[in-house]
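Structural characterization, general
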Amino acid sequence: LRFGIAGSLLSLGAIDFGLVVDSSLVMVENCARHLSEDKDHQRSRLEVVRDAALEGRGPMMFGELIILIVYLPILTLEGVEGKLFRPMALTVIFALLGSMVLSLTLMPALASLLLPRRLDEREPRVVYLARWLYAPLLRLALRHGGAVLGWLAVLGWPGAAAGALRAALRGRACSSWHWCAPM
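A brief structural summary. (Residues numbered from 1 in each chain as written. Predicted model: local features only at pLDDT ≥ 70, side-chain atom pairs only at ≥ 80, totals over all residues. Heavy atoms only, no water.)

A short note on the nonpolar core
Applicable threshold: Here, the term nonpolar core denotes a set of buried Ala, Val, Leu, Ile, Met, Phe, Trp, Tyr and Cys residues that are joined through side-chain atoms within 4.5 Å. Whether a residue is buried, partly exposed or exposed follows from its accessible area with a 1.4 Å probe, protein chains only, as a fraction of its type maximum: under 20%, in between, or over 50%, in that order. The secondary structure listing takes helices from DSSP runs of H or I that are at least 4 residues long and strands from runs of E that are at least 2 residues long, numbered from the N terminus. What makes two residues a contact is simply this: any of their non-hydrogen atoms within 4.5 Å.
With 12 residues, the main nonpolar core is built from Met27, Cys31, Ala32, Leu35, Val48, Val49, Ala52, Ala53, Met60, Met107, Ala111 and Leu115. Listed by contribution, the elements that provide at least two residues to this core are α2 (17-37), α3 (45-71) and α4 (79-114). Looking at this core, the element that brings in the most residues is α3, giving five residues. Ignoring sequence-local partners within four residues, the contact set of Met107 consists of Ser24, Met27, Val28 and Leu102.

Structural notes on α2
Stated precisely, the cut-off is as follows: Each helix should span, by expectation, one fewer than its residue count multiplied by 1.5 Å. At any given residue, the bend is defined as the angle formed between two axes, one fitted to the seven residues that end at that position and one fitted to the seven that begin there.
Counted at 1.5 Å a residue, the expected span for α2 with its 21 residues is 30 Å, and the 30 Å between its end C-alpha atoms agrees. Remark: the principal bend of α2, roughly 30 degrees, maps to Ser23. If you check which residues of α2 are buried, you get Ser23, Ser24, Met27, Asn30, Cys31, Ala32, His34, Leu35 and Ser36. At its buried positions, α2 is contacted by α3 and α4.

Re the pattern of salt bridges
To keep it simple, the criterion reads: The rule for a salt bridge is simple: a side-chain nitrogen of Lys or Arg has to be within 4 Å of a carboxyl oxygen of Asp or Glu.
Considering all chains together, one arrives at four salt bridges under this definition. Between Glu37 and Arg33 there is a salt bridge whose closest N-O contact spans 3.3 Å. Here Arg33 and Glu37 lie together in helix α2, a separation of four residues that amounts to about one turn. We classify Glu37 as partly exposed; its relative accessible area is 49%. One salt bridge connects Glu55 with Arg33, and the closest N-O pair in it is separated by 3.0 Å. Taken as a pair, Glu55 in helix α3 and Arg33 in helix α2 lie far apart in primary sequence, 22 residues in all. With a relative accessible area of 42%, Glu55 lands in the partly exposed category. The class for Arg33 is partly exposed, based on a relative accessible area of 36%. Taken together, the shared-partner salt bridges in this structure form one network comprising Arg33, Glu37 and Glu55.

Shown next, in the form of structure tokens:
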């Protein structure tokens, strides 16, 4: 409760794991790319990683600052809404700031120590299997585009009609009830 944030499910659930690790992943991938592109090894590993970190810091910070700016208006809410959503916004803001600091300091240091100069760029077996199954289906669908659209219309029409019927029945059932709000 140091910042007045209770550890509720709403505030802790606001931390999207992807938001927190995204900048670190981008930094490590950029360092790995630069290390693998430095084939003649004229520069030291530290110089290569430093250049990669300097190259990536601007776009990464810009992307995270955009997400931070989105959460700032939530801090201005008052009343019940403020009590409900302010902890969530503060949690996301603090998590992103911490993520940004780690991605700009710790990740380049770890990359300079732990990443190899050459990376084995093989395709994982799962991806290979997925491509092996998907490529013939994609070619078949592209070759017979009219039939695919026809099947989509045949299969999609009942779902759309059922949704329209459900909405119509819901509206009819609620028309005589003054407390029944439309969905």
